[in-house]
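Geometric and topological summary
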Amino acid sequence: PEGELLVGGKFTMAGGGISVSLARYGLGINAACPADVDCSGALSTLDIFAFLDAWFTGDSTADFNGADGVSTQDIFDFLNAWFVGC
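So, a few notes on the structure that sits alongside this text. Bear in mind that the values here come from a model prediction, so they are computed numbers and not experimental data. (Residues numbered from 1 in each chain as written. Predicted model: local features only at pLDDT ≥ 70, side-chain atom pairs only at ≥ 80, totals over all residues. Heavy atoms only, no water.)

**Remarks on the nonpolar core**
Under the convention used in this document: Among buried residues, those of type Ala, Val, Leu, Ile, Met, Phe, Trp, Tyr and Cys that are joined through side-chain atoms within 4.5 Å constitute a nonpolar core. In this scheme, a residue with accessible area under 20% of its type's maximum is buried, one over 50% is exposed, and one in between is partly exposed, where area comes from a 1.4 Å probe on protein chains only. By the criteria applied, helices consist of DSSP H or I runs no shorter than four residues and strands consist of E runs no shorter than two, each listed in order from the N terminus. Contact definition: two residues touch when any of their heavy atoms are within 4.5 Å.
If you look at the biggest cluster of nonpolar residues, it comprises 11 residues: Ala35, Ile48, Phe51, Ala54, Trp55, Ala62, Phe64, Ile75, Phe78, Ala81 and Trp82. Only α1 (45-56) and α2 (72-84) provide two or more residues apiece to this core. Setting aside residues up to four positions removed in sequence, Ala54 forms contacts with Asp59, Thr61 and Ala62.

Listed below in C-alpha cells is the structure:
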C-alpha cells in the first residue's frame, strides 16, 4: 500500500515487535503483526494461503518461529498468531 515501507531479510524482530523475515512500516500501521503475511493490513484467509504456499515450497519466510528452519511447528505457531489476531 501507498506510504509504507516493506523490508525483507533474515531477522526475527523489527520495530520492537516479532517480525519474521518481513517488516512493514508506515503511519497508523501495526508493523508488529507477523500473521499478516500478505501485508494487507488485515488478517484474512489469504494470509493462511500465503503462509501455506511459502511453507509447502520450503521458502525460508515460512520459518515463522525462527527456530531450526521450516518445520511443522511453524504451521502451529502461525495459526496461533493468526487466531490471536493483531
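**With respect to α2**
Because the α-helix completes a turn every 3.6 residues, residues three or four places apart line up on one side. Keep this limit in mind: The span one expects for a helix is its residue count, reduced by one, times 1.5 Å. To obtain the arc, one takes the directions from the helix axis to the C-beta atoms.
Over its 13 residues, α2 runs 19 Å from end to end, which matches the ideal 18 Å to within 8%, given 1.5 Å per residue. Along α2, the residues that are buried comprise Asp74, Ile75, Phe78, Ala81 and Trp82. In an axial view of α2, the angular spread of the buried residues amounts to 135 degrees, which keeps them on one side of the axis. Turned more than 90 degrees from where α2 packs its buried face, Phe76, Asn80, Phe83 and Val84 sit exposed. Of the surrounding elements, those touching the buried residues of α2 are α1. Residue Gly85 follows α2 closely and has a positive phi angle near 85 degrees.

**As for the side chain of Asp74**
How we decide: Throughout this description, a polar contact denotes any pair of N or O atoms lying within 3.5 Å of each other; where both atoms belong to protein, one of them has to be capable of donating a hydrogen while the other can accept it, and for residues adjacent in sequence the pair is counted only when both atoms sit in side chains.
Looking at the element boundaries, Asp74 is found in helix α2. The buried category is assigned to Asp74, whose relative accessible area is 0%. A polar contact is formed between the side chain of Asp74 and the backbone nitrogen of Ser71, at a distance of 2.7 Å. Once you skip the residues sitting within four places of it in the chain, Asp74 turns out to touch Phe51, Trp55, Ala62, Asp63, Phe64, Asn65, Gly66 and Gly69.

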